[in-house]
Structures are given as C-alpha cells and as structure tokens.
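Fold and contact review
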Amino acid sequence: MHSLNVDLGDRSYPIHIGNGLLARAELFAPVVSGRTVMVCTNTTVGPLYADRLNATLREAGAKAVHTVTLPDGEEYKDWPTLQRVFDALLQHHCDRKTVLVALGGGVIGDMGGFAASAFMRGIPFIQVPTTLLSQVDSSVGGKTGINHPLGKNMIGAFYQPQLVITDIATLNTLPDRELSCGLAEIIKHGAIADTAYLDVVEQNMPALLNRDAELLALVVKRSCEIKADVVSKDEREGGLRAILNFGHTFGHAIEAGMGYGQWYHGEAVGCGMVIAAELCKRMGRLSAEESARLKKVVIQARLPAMPPKLGVNKFMELMAHDKKNDAGAIKYVLLNGLGKANTSPADEALVRQTLLELGAG
Ligand code: NAD
Ligand code: MG
C-alpha cells in the first residue's frame with residue numbers, strides 16, 4: 001500500500017492507494033468508528049462494490065450504514081439528483097456527525113462531496129474513487145459540485161475529504177475507454193511536472209493498459225503527489241493550479257463542439273495536449289522530438305490524437321468561451337520543454353495555423 005498526505009494545513013488528509021483496500025476496515029476506522037455512515041453510489045458501481053464496502057464499514061465500527069444509489073451519468077450531476085442525497089440523509093435521521101462516503105467515479109465524488117459540504121453546513125466525507133480518472137484527478141483538490149443547464153460544474157464548493165481510499169482492484173471492471181481517459185490525465189501530470197514520470201508511463205504503457213495492479217498503484221500515487229503539490233500551493237486556483245489545465249483549453253472546445261458525451265473528457269484532453277504541444281513547437285517552446293513524443297504516448301494510451309473537423313473559426317469561438325479565460329483573452333497552458341508549464345497568451349494566427357495544419361479546419 002502507498003500512502004501520501006495532501007498538505008493543506010488543518011484541512012490536510014491522507015490518501016491510501018493499493019490493491020484490495022475496500023476490505024481494509026482499519027483504514028476506514030479512524031473516520032467512521034462510532035458514526036452513522038451514508039454511502040453515496042450509483043446504479044453501476046453500487047451493485048459491484050457497495051456490499052463489500054458496507055461490510056468493511058461495519059467491521060470498522062460504523063454504528064449504521066445506509067446507502068443512496070443515484071442514476072449513472074454526467075446528466076444526473078444536477079440539482080434534482082443531489083436532492084435525493086439530502087432526502088436519504090434526512091429520512092435516516094442523519095446529523096452533523098454522519099460520515100458521507102462517495103463510492104464511484106468523478107461524478108459521484110463531485111456530487112457526494114458537494115452534498116457533504118452543504119448538509120448541516122458540512123459533514124465528514126470520505127472518497128472511494130473507482131475510476132482511474134477520479135483516482136488521479138478528482139479525488140485530489142477539494143473541488144466539488146454539480147452542473148447547471150447553462151454550464152458544467154457551475155454550482156459547487158471547495159470541500160476537502162477527511163480520507164481517500166483508492167482500491168486499484170476496482171479498476172478491473174472499468175471499461176477500456178474509461179481507463180484511457182484516466183491515462184490522459186496521468187500523461188498530463190508527466191508533461192507539466194515530471195519527465196522521469198513521463199518516461200515511466202511511456203515505458204510501461206502496455207502493462208498499464210493490461211491493468212497491472214502494482215504499476216497502476218505506483219502511477220496513481222505519483223499523479224496524486226503531483227496534483228497535491230500543485231493544489232497545496234494554490235488551493236483555490238489563484239494562479240499555479242491553472243497548469244493542471246494543460247490540454248484542456250483545446251479539449252473543452254472539442255467536448256463542447258462535438259456535443260458533450262461524444263468525445264469523453266480524457267479523449268478530448270489527450271487530443272488537446274497534442275494540439276498544445278504542436279503549438280508549443282511552433283512557438284519554439286518544445287523541440288520537434290518532444291512534441292512527437294507526447295503525441296506518441298497519447299496514441300499508445302489509445303487516445304485520439306487527430307482533432308475533429310470542427311472548423312478553425314468554431315474552435316476559436318468555443319475556446320473564447322472557456323470559463324478559465326481572463327477578460328476575453330484566451331489563456332493557454334504551454335510547456336517550456338517537457339516537464340515545465342505555465343499559462344500564457346498565444347498569437348491567434350499561429351493557433352489558427354496549428355489547428356488548420358493538424359486537420360481541424
Ligand atoms: P464517471 O464518474 O461518470 O464514471 C465513468 C463511468 O464509469 C460511469 O458510468 C461509472 O458508473 C462507471 N464506473 C465507475 N467506476 C467503475 C468501476 N470500478 N467499474 C465499472 N464501471 C465504473 O466519470 P469520471 O471520469 O470518473 O469523472 C468525470 C467527472 O469528474 C466529471 O463530472 C468531471 O467534471 C469530474 N471531475 C472533477 C474533478 C475535480 O477536481 N473535482 C476533476 C476531474 C473531473
Ligand atoms: Mg481533466
């Protein structure tokens with residue numbers, strides 16, 4: 001088992017990563033012992049893992065364990081579905097001491113965390129992430145929330161869990177496409193912060209795709225460290241945290257332009273990183289070898305490297321609407337050599353030319 005601490009002063013918390021941790025009562029006990037627990041999960045993950053987790057929570061000394069099972073899908077990351085969590089908490093007479101455990105991917109983690117932040121003005125919260133993406137990304141950093149019909153993740157709160165338990169064995173049931181989406185964020189961590197890590201990911205890609213538990217645990221740990229390091233320096237996204245959006249400016253445009261759900265987030269980010277690297281090459285920030293290498297790793301992870309034919313004008317328009325922009329100017333995350341990133345504007349003509357030559361026109 002690997003453990004790391006996310007260092008946020010009095011909001012610090014441990015992340016435990018390993019194979020079979022869903023059965024390890026002693027890891028849950030410090031937070032759940034003597035408490036009532038509400039497990040929040042969905043109709044896909046619940047049938048696979050809720051019984052095992054509930055038995056472990058009882059063994060860990062939980063007074064009572066209740067479960068609320070939500071419908072599966074990003075379209076249910078909304079107010080009416082969130083209300084079902086509050087309904088369940090109130091129907092079971094839960095109080096400020098109740099612990100909410102989010103068992104699922106990023107959708108359940110974001111909704112469960114937001115529910116925990118608001119119920120009785122905040123109750124303890126444990127993340128049990130079951131997708132590779134949620135294990136390396138959404139379970140670190142404390143962003144929680146839901147979507148609004150007018151925008152993704154528009155309603156939410158910063159709220160840190162007390163504990164994250166990442167059981168690598170849950171990845172054995174994850175669809176291949178979802179596994180690749182997690183790999184996109186992993187590649188991103190290497191590209192923005194650690195070339196030695198990118199080497200490890202590149203060299204072990206076949207084993208990662210094969211779900212080698214030891215390697216996955218190692219990679220989840222390193223990715224969490226990188227994200228935790230960035231987040232602990234900038235918990236509320238004042239500046240540095242923006243580098244975690246490498247590949248996301250182009251990626252968000254692809255997701256929105258194709259219609260949400262057509263390209264998965266990780267797929268759009270994979271392609272977005274290839275576009276961003278190509279732009280960096282043209283700006284003299286990356287060598288041709290570095291840009292080609294990033295593209296190769298993306299393809300190895302079974303992610304798309306070719307942008308969809310959205311049209312350059314449409315691409316530019318969608319990027320101008322990205323919520324991370326500063327007063328209209330598109331803010332790009334660019335690399336200064338692999339392993340170093342910063343935000344920067346870029347010459348519009350050069351961006352257009354890059355998109356056109358990559359086939360987005
Ligand atoms: P998801 O939660 O929708 O999970 C993807 C699919 O896999 C779902 O159908 C889910 O039911 C299924 N699934 C989950 N675990 C499984 C398992 N072990 N076996 C089989 N199937 C399983 O998607 P995601 O990619 O995990 O998360 C995406 C969400 O996370 C988005 O809503 C995004 O906004 C959010 N997010 C939040 C942060 C953050 O910092 N809070 C960061 C990144 C993403
Ligand atoms: Mg992302």
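Predicted model, so just to flag it, every value in this text is computed and none were measured.

Considerations on the overall build of the chain
What the chain contains, in helices and strands, is 14 helices and 11 strands. Here the C-alpha radius of gyration of the chain, 20 Å, is about what a compact globule of 361 residues would show, namely 21 Å. With the principal axes as the frame, the chain shows a C-alpha extent of 60 × 40 × 35 Å. The buried share of the chain, taken over its 361 residues, is 49%. Long-range pairs, those at least 24 residues apart, make up 73% of the contacts in the chain between residues at least 6 apart in sequence.

Topic: the site of ligand 1
Surveying the vicinity of ligand 1 reveals 27 residues, the closest of which are G105, G106, T131, S138 and T173. When residues of the shell around ligand 1 are traced back to their parent elements, those giving at least two are α2 (45–59), α4 (106–118), α5 (132–138) and α6 (176–193). Residue classes in the shell around ligand 1 are distributed as seven nonpolar, 13 polar and seven charged.

Quick look at the environment of I146
Note on placement: I146 falls in strand β7 (residues 143–148). Along the primary structure I146 and M111 are separated by 35 residues, whereas in three dimensions their C-alpha atoms are 6.1 Å apart. Once you skip the residues sitting within four places of it in the chain, I146 turns out to touch K77, D78, W79, L82, M111, F114, I155 and G156.

Some details on helix α10 (residues 248–258)
Where burial is concerned, most of α10 is hidden: nine out of the 11 residues are buried. Among the residues making up α10, those that are buried are H248, T249, F250, G251, H252, A253, I254, E255 and G257. Buried residues in α10 make contact with α11 (265–282), α13 (312–320) and β10 (332–335). Backbone geometry just after α10 places G259 at a positive phi near 95 degrees.

Structural notes on the sheet that holds strand β1 (residues 2–6)
Strand order across the open sheet formed by seven strands is β1-β2-β9-β6-β5-β3-β4, with mixed pairing between neighbours. The strands lining the two open edges of the sheet, one partner per strand, are β1 and β4 (64–70). Neighbour to neighbour, the strand axes of the sheet diverge by 15 degrees on average, direction disregarded. As defined by bridge partners, strand β6 (residues 125–129) adjoins strand β9 (residues 163–167) across two bridges and the pair is classed as parallel. Following the sheet pairing, Q127 is matched in β9 by V164. Contacting β3 (36–42) and β4, helix α3 (residues 79–91) crosses the sheet at an angle of about 160 degrees to β4.

Criteria and cut-off values
- Residues numbered from 1 in each chain as written.
- Chains lettered and ligands numbered in written order.
- Predicted model: local features only at pLDDT ≥ 70, side-chain atom pairs only at ≥ 80, totals over all residues.
- Helix = DSSP H or I, 4+ residues; strand = E, 2+ residues; numbered from the N terminus.
- Rg over C-alpha atoms; globule rule 2.2 N^0.38 Å.
- Buried ≥ 20, exposed ≤ 12 C-beta atoms within 10 Å, placed from the backbone.
- Contact = placed C-beta atoms within 7 Å.
- Near = placed C-beta within 6 Å.
- Nonpolar A, V, L, I, M, F, W, Y, C, P; charged D, E, K, R; others polar.
- Pairing = 2+ DSSP bridges.
- Axes fitted to C-alpha atoms, helices over the stretch in contact; angles between N-to-C directions.

Everything listed here is a matter of geometry and, on its own, says nothing about what the molecule does.
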